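# Survey of secondary and tertiary structure
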Amino acid sequence: MTVDEPVADILARLQGLSAEEILADAVARYPGRVALASSLSPEDQALTHMIAAGGLGIPIFTLDTGRLHPEAHELIDRTNKRYGFRMRVYCPDAAEVEQMVADNGIDLFRDSEFLRQLCCETRKTRPLRRAQIGLDAWICGLRGGRGATSESVEPAEWDSEAGLLKLNPLAGWDEVRVWDYVRAHDVPYSPLYDQGFTTVDCAPCLRAGA
Amino acid sequence: MTQPETVQTLLAELGDATPEEVLADAARRFAGRVAFASSLGAEDQVLTHMIATAGLDIPIFTLDTGRLYPETYDLLDRTAKNYDLCIKTYFPAAAEVEKMVDKDGVNLFRDSIEARHRCCEVRKILPLRRAQLELGAWICGLRSGQGLTRQKVEIAEWDQLADMVKINPLASWDEARVWDFIRANDVPYNPLHDQGFPSIGCAPCTRAVADGEDWRAGRWWWELPEHRECGLHDRAARIPGSAADATANA
């Protein structure tokens, strides 16, 4: 089964709803067929908090690329303990990682954009596709104003690569609002943000911003 | 030749050999069936340098547990480029990691020694066993004096768990000699060594040690000293006077 409601209709329906209401709508409409893909960012942590606090029962998964900052695993652990659940962790295929590294080296992502994308494909996208099997919709922490590649974000969009509805409950939020929420609810977040990082992902492909 | 005899022969023939001679001998004696398991520690970097500069036909592999320090991955990259080598990495099986983490959490190793061993098993030992398929001998950078579990290391040992010969070319070297070699030959090494980490493993299970602390005090520091091995080297039974030692000698 897939979502046959046109995205325009979904957007009209979600207009004016809070992030919590969008989450509640998702679990009501796609029960057992929706999940939050968490990168452990403050946005995703805010959504995790809303899901846990609202008792929505939306499964949460994350992608352990094998190159995460040690702090990321600590955050997974702290988050699980804080909310009394265990987020699913998806890992890359060993044979694919080994082949990629044997052919191109362990830090291939520095050598060309093609190799960087190959690394992301192997360590992130394929495990994500595996995590998405059986879903109608997936939830992300994307929001507007986050740089060139995600300038304008709608609360719902059709993800043609995944063949799924993508829901972005925080589409209308800005960074200040995310951090206000995180602080007000004492939501666990990566200590790297306090060290100048503005996004947290694979360790070698990140540096602290100015 | 039986297995213990192989070890006896090696010990008799290589008693006074230099590490370079031990490596060259291993490459000849176990041609096509020997590999060097590098953890990228200081000792292992010495061996990598020796293998690369002598052009020995000894493949080098490492175990990427998925939880290494960023500095360790960078060292892997620098080393491969410096010596123009392919260092084969072995990665844990996704299904096994996912099942383990699902059941016991991503930091299960802090909960009990059994859980910690399970993590080492999934992330290190099983990939190692895969790397060892078809080998007749493997080479390690173990040396005597690497802490309580490694007081006495021989140049050749029978590795019962792997069912093959284990060769430790640096068995008789001490730490000062390792670092003299690294500096004299400009061997790439992990910058964490300069920050108080003598022995470096997975990031969550390693910490710096203070002056005078045991060489492996920073590995699984919350456990008893005699337990501070991942199981890859089966050293606990070799601590003189330990319960395991008494059983082994009974």
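You'll find the structure just up there.
How each quantity is defined
Residues numbered from 1 in each chain as written. Chains lettered and ligands numbered in written order. Predicted model: local features only at pLDDT ≥ 70, side-chain atom pairs only at ≥ 80, totals over all residues. Helix = DSSP H or I, 4+ residues; strand = E, 2+ residues; numbered from the N terminus. Rg over C-alpha atoms; globule rule 2.2 N^0.38 Å. Core = buried A, V, L, I, M, F, W, Y, C linked by C-beta atoms within 7 Å. Buried ≥ 20, exposed ≤ 12 C-beta atoms within 10 Å, placed from the backbone. Contact = placed C-beta atoms within 7 Å. Pairing = 2+ DSSP bridges. Axes fitted to C-alpha atoms, helices over the stretch in contact; angles between N-to-C directions. Nonpolar A, V, L, I, M, F, W, Y, C, P; charged D, E, K, R; others polar. Parallel < 35°, antiparallel > 145°, perpendicular 65-115°, else oblique. Left-handed = near helix turned anticlockwise from the far one by under 90°.

## Remarks on the overall build of chain A
Looking only at helices and strands, chain A features 7 helices and 6 strands. Each helix and strand of chain A, placed in order from N terminus to C terminus, yields the pattern α-α-β-α-β-α-β-α-α-β-β-β-α. Compactness check: chain A gives a C-alpha radius of gyration of 17 Å against a globular reference of 17 Å for 210 residues, within 12% of the reference. Once the C-alpha set of chain A is aligned to its principal axes, its extents read approximately 50 × 40 × 35 Å.

## With respect to the nonpolar core
In this structure, Val34(A), Ala35(A), Ile139(A), Ala26(B), Ala37(B), Ile58(B) and Ile139(B) are the most contacted members of the largest nonpolar core, which totals 113 residues. The residues contacting Ala26(B), other than those within four sequence positions of it, are Val34(B), Ile58(B), Ala137(B), Ile139(B) and Ile167(B).

## Observations concerning the environment of Pro127(A)
With respect to the element layout, Pro127(A) can be found in helix H6 (residues 113-132). Between the alpha carbons of Pro127(A) and Pro42(A) there is a distance of 22 Å; along the sequence they are 85 residues apart.

## Quick word on the sheet that holds strand S4 (residues 137-139) of chain B
Residues and elements named next belong to chain B. In space, the 6 strands of this open sheet follow the order S3-S2-S1-S4-S6-S5, with mixed pairing throughout. What marks the edges here is a single partner per strand, and that holds for strand S3 (87-90) and strand S5 (156-159). For this sheet the average axis-to-axis angle between neighbouring strands, irrespective of direction, equals 30 degrees. Where strand S2 (residues 60-63) meets S3, 4 bridges bridge the pair, whose relative direction is parallel. The residue bridging Phe61 from the neighbouring strand is Lys88, located in S3.

## Looking at the interface of chain B and chain A
The interface of chain B with chain A comprises 25 residues on the first partner and 25 residues on the second. Secondary-structure elements contributing two or more residues to the side of chain B that touches chain A are helix H4 (70-83), S3 and helix H5 (94-104) of chain B. Here the side of chain B that touches chain A is built from residues that sort into 15 nonpolar, 4 polar and 6 charged.

## Regarding the sheet that holds strand S1 (residues 34-37) of chain A
Residues and elements named next belong to chain A. Spatially, S3-S2-S1-S4-S6-S5 is the arrangement adopted by the 6 strands of the open sheet, whose pairing is mixed. Strands at the two margins of the open sheet, each flanked by one partner only, are strand S3 (88-90) and strand S5 (156-159). The average angle at which neighbouring strand axes cross in this sheet is 30 degrees, direction not considered. Contacts from H6 reach S1, strand S2 (60-63), S3, strand S4 (137-139) and strand S6 (164-167) within the one sheet, and its direction differs from that of S2 by about 160 degrees.

## Details of the packing of helix H3 (residues 42-53) of chain A against helix H7 (residues 175-184) of chain A
All names here are of chain A. In contact at an axis separation of 10 Å, H3 and H7 are set at 50 degrees when each is read in the N-to-C sense. Considering their axes alone, H3 and H7 lie oblique with respect to each other. The handedness of the crossing between H3 and H7 comes out as left-handed. The segment H3 lies against H7, with Pro42, Glu43, Gln45 and Ala46 engaging Val178, Trp179, Tyr181 and Val182. Grouping the amino acids of the contact of H3 with H7 by side-chain chemistry returns 6 nonpolar, 1 polar and 1 charged.

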